[in-house]
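Listed below are the residues making up each chain.
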Amino acid sequence: MATRLIVNGIDKAFDDFQALSNVSFTIEPGQFVTLLGPSGCGKTTLLRVIAGFLEPDQGEIFFGDQVMNEVPPNKRNTAMCFQSYALFPHKTVYENINFGLRMRKIKVEEQEKRVREVMEMVDLVGLEHRKPYELSGGQQQRVALARAIIVRPEILLFDEPLSNLDAKLREKVRVDIRNIQRSLGITTVYVTHDQAEALAISDVVIAMNKGKIVQKSDPKTIYNHPSTKFVADFIGSANIISGTCLEAAGSTAVVNTSLGILQVQNTGLIQGDTIFLCIRPEDIVPDVSENVLPDQNVLTGEVLNAVYMGSSLDLFIRMDTQHIVRASVAKDTWVSEGSQIRFIVHPDKICIMKG
Amino acid sequence: MNGQLIKSQKKLTRRLLELLLPFGLLSIIMVWIGLPILYALLWSLVNPEYPWSYPDLFPTNLSLFQWEYVFKYTTIVKSIGNSFFLAFLTTIACFMLALPTAYALGKRKLKGSEFFKIIILLPMVFPGMAMGLFLGRMLHVMGVSGTYWGVVIVHTLVALPYMLRILIVNFESMPQDLIDAASNLGAGNWVKFTEIYFPMILPGLVAGAMFTFITSMEEFNLTFIVGAPDITTIPTVLYSYLGENFLRTRASVVSLILLIPNLLFLIVAERKIKTEYMGAALGKM
Amino acid sequence: MKRRKFEWGYLLLIPGVGYIMFFVLASLYIMFAQSFGFYNYTGTSEFSLQFWQHVFSRTFFDDLWFSFRTALLTALISIIICYPLSLILQRIPGRKTFLSILKIPMFVPALVASFLIVNIIDYHGVINMILEKLRLIDEPLRLRNDAAGIGALSVQIWKNVPFQMIIMYSAIEAIRKDVRDAAANLGANRFSILKEIIIPITLPSALVAVIMVFVRTFNDFAISKTAGPYYPTSISNLMYLHAYTFADWNTAACIGVMMMITSIAFVSFYSYLSKKIGN
């Protein structure tokens, strides 16, 4: 019985600063959606509008088919995990988790049963009587999660919940969050500026910039087919090159770029179009075979730096045009700095974006 | 739409409340704080030839007669001089005594420093009159009762905790990195003191000096016991005009004289002094 | 054998801590000694409990009750004013200015505060005049040096509200907005947020504010001497009278010892409670 969340034409300004302009999207029941963007892009503002802490200047929020605009935060059936966790410092773990149930005037026996269930779910059994300051960061985070899910909210909201944990723990907890959300089937909105986290955890990623939605897609699409330069640059690392279309016929097009002449997929280009190309570093393959297929792009350049990253080897390659390209190749590739390298970029792997 | 109308009406009421509430509160606070000060000012300006009494809410005629009288025919000028002189000496004494101790407690990690920090609070906890009486007796035996020395000793005792606490907070918040960087770049002890420590404790020093000065200016209990009758300060003069022989007009003049440095201090403190020094001085135990 | 290095830092404590310890401990010593009949200025000095037997007179209890009552009422009435005021101030534009103005009485010396308030509540003060004009009273109320001690109480409240205000305001301000939002998000209305979050979190600070004001007011001399009743007076004044008017320093010392013990008891009670309530 999950709820559909509809955000319709939301505007929100703080004095002169337009935090959100005309933001609209729909989240299907049970979906896990991430709002992704740099700080100041309006993602947290949007989350606070959904929770009811901020009133939008324009537009409506629907939970299912109900308009929520006039409903105060305490009457909205949402539950939020805060970046700071916002645990009640004077209450024990048990009292923290139980708070939402008490506010909802649930029977005491029922409260005890549900707290026990949730504490088992998030693995906090035995810590009932601790105060928040006696817990580790990871435990505090789990109390915040337990406190939110116990009220069985229609919409579960996360505001960068993992940013205060160390990198190792973060990866583990995001899997836990995903599993719990899936088993409860709650519609979830998750705010983060960490693109890897967004890709790993979501059904749908909504990329935001300067108060606007830039792209809304599943993680695969948003990574492989970013619709704008901003998305390509923000998610993962990318070589972004400008170019002009020389020829477009059939399924391929020929583009003149700062790397040289490249063959790309024809996505309805017209001769003379100015476009941007995105090439992911891992799609650049060193060519050692010497036998070149006719439909491949073969390029050469000088290796400026070879940086060993552990799981891969990152090359910074200077083309004849002085343009520097980043390539991520297999970790055991043998390349020496200063040497010439020949590499292949498959036309399918080049993503075309409009300015 | 109807809903829109209700919404805009609601917004309007909220706006109105947001405007009225601060205004109402401001007027209450103004009366609460301003009325006593205003009436002290009015009473200090009463012209004795046009007495002010019921049912007039305001005096009918104002003059500077009371101010002239107090300055001409009472010992107030000497007391004002005493007050400032004592406050000045106390501030210097407090600084000299507090500097080494604050350094030791704030910067050196001494064993038992928590205990010594509690000792510092003693003069703030000791009932004022009890300390006045028995310390006064001791100073009497020492032969400094009724002298400037005696009063400076007791004022220093009362004000020293403020100076110490502010300077300790100051020393504690001084980043060790900076001092290490100076040593690393070849600074000797003298250079470290003049170019690192001193500029960095200056704000705390100014704050501490102001607190000490004001504490000394308004100190009454101990001055009254140790100084009287030879050393009079503004508060002891004011005391003589209050109580059973209530001299309203003169008391208002002296009150205002004593109020001026404190209000100036408040204005400067609000703008310049860091909140952590204020916290330290107000004695969060 | 490694020789333990002498810590020169302790020598630096002498000017600051040493100065305070010397004078405070010396006065304490004189006070305790005199309360048991030692260290007399005139006559014989010998151990005696007679001063402790005679200190508990009718006057003593009246004055003790006066000081205690004034201190308790001041601390409680001030906190009752402060709590809602701090809550309202949090939500008002220009709160910084309000706070600065509110701080003024804190920087007004006790005697000046006493005069300022006495001046307006006096027999011919503006308060009486206004009340008369409004026909609320037929003849002026006696509020200065009144037997009930309303004069002294008014001065104390006027002077101590800002002090508590600053403690309470920063305590409430220190509650993270997130924590309040979290409570609202979990279904708490304004009243529940106040009852469940704000009051429990700020309770230790309120206790600090109450106890500090209580101790200060209990030990007061100047305000109750100038604005309070002629009888009973404050316990500080009783001690002063014994010492200077009756030249009975031993009894004064007994009273001083008791005041000191009361102060210490309250301060340790506070630190005990704050350890229990707070983290």
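Please read these numbers as outputs of a predicted model, since none were measured by experiment. (Residues numbered from 1 in each chain as written. Chains lettered and ligands numbered in written order. Predicted model: local features only at pLDDT ≥ 70, side-chain atom pairs only at ≥ 80, totals over all residues. Heavy atoms only, no water.)

All names here are of chain A. Domain boundaries in chain A define domain 1 (5-234) and domain 2 (239-353). Look at where the C-alpha atoms of domain 1 and domain 2 centre, and you get two points 39 Å apart. Listed by partner, the interface residues are 10 residues for domain 1 and 7 residues for domain 2. Across the domain 1/domain 2 interface, buried area totals approximately 720 Å², and carbon plus sulfur atoms make up 61% of it. Three residues, Tyr-223, Lys-229 and Ala-232, lead the burial of domain 1 against domain 2; their summed loss comes to 64% of the area buried on that side. (Domains from an automatic or database assignment. Contact = heavy atoms within 4.5 Å. Buried area = accessible area lost by both parts, 1.4 Å probe.)

Attention shifts here to the packing of helix α8 (residues 189-218) of chain B against helix α11 (residues 248-272) of chain B. Residues and elements named next belong to chain B. α11 packs onto α8 with a crossing angle of 160 degrees between their chain directions and a minimal axis gap of 10 Å. On the basis of their axis angle, the class for α8 and α11 is roughly antiparallel. As for how α8 packs across α11, the hand of that crossing is left-handed. Contacts between α8 and α11 pair Met-210, Phe-211, Ile-214, Met-217 and Glu-218 from the former with Leu-258, Pro-261, Asn-262, Phe-265, Val-268 and Ala-269 from the latter. (Axes fitted to C-alpha atoms, helices over the stretch in contact; angles between N-to-C directions. Helix = DSSP H or I, 4+ residues; strand = E, 2+ residues; numbered from the N terminus. Parallel < 35°, antiparallel > 145°, perpendicular 65-115°, else oblique. Left-handed = near helix turned anticlockwise from the far one by under 90°.)

Before going further, it helps to examine the sheet that holds strand β15 (residues 284-286) of chain A. All names here are of chain A. Across the sheet, 5 strands lie side by side as β15-β19-β16-β17-β18; this open sheet has antiparallel pairing. Taken across any chain shown, the strands that pair with only one partner, and hence form the sheet edges, are β15 and β18 (324-329). Ignoring which end each strand starts from, the neighbouring axes of this sheet average 50 degrees apart. Pairing analysis gives 3 bridges linking β15 to strand β19 (residues 340-345), with the strands arranged antiparallel. Paired with Ile-284 across the two strands is Val-345, which belongs to β19. (Pairing = 2+ DSSP bridges.)

Now for the domain arrangement of chain B. Residue and element names in this part refer to chain B. Parsing chain B into structural domains produces domain 1 (2-65) and domain 2 (75-281). Distance between the C-alpha centres of domain 1 and domain 2: 36 Å. Domain 1 puts 6 residues into the contact, and the matching count from domain 2 is 6 residues. In total, domain 1 and domain 2 occlude about 530 Å² of area from one another, counting both sides; carbon and sulfur atoms represent 82% of this. Area buried by domain 1 at its contact with domain 2 is led by Ile-37, Trp-43 and Ser-44, which between them contribute 75% of it. Our count for the contact surface shared by domain 1 and domain 2 stands at 0 salt bridges. Remark: the boundary between domain 1 and domain 2 carries 1 residue pair in polar contact (both at pLDDT 80 or more). A class-by-class count of the residues in the side of domain 1 that touches domain 2 yields 5 nonpolar, 1 polar and no charged. (Salt bridge = Lys/Arg side-chain N within 4 Å of Asp/Glu carboxyl O. Polar contact = N/O pair within 3.5 Å; in protein donor to acceptor, adjacent residues only side chain to side chain. Nonpolar A, V, L, I, M, F, W, Y, C, P; charged D, E, K, R; others polar.)

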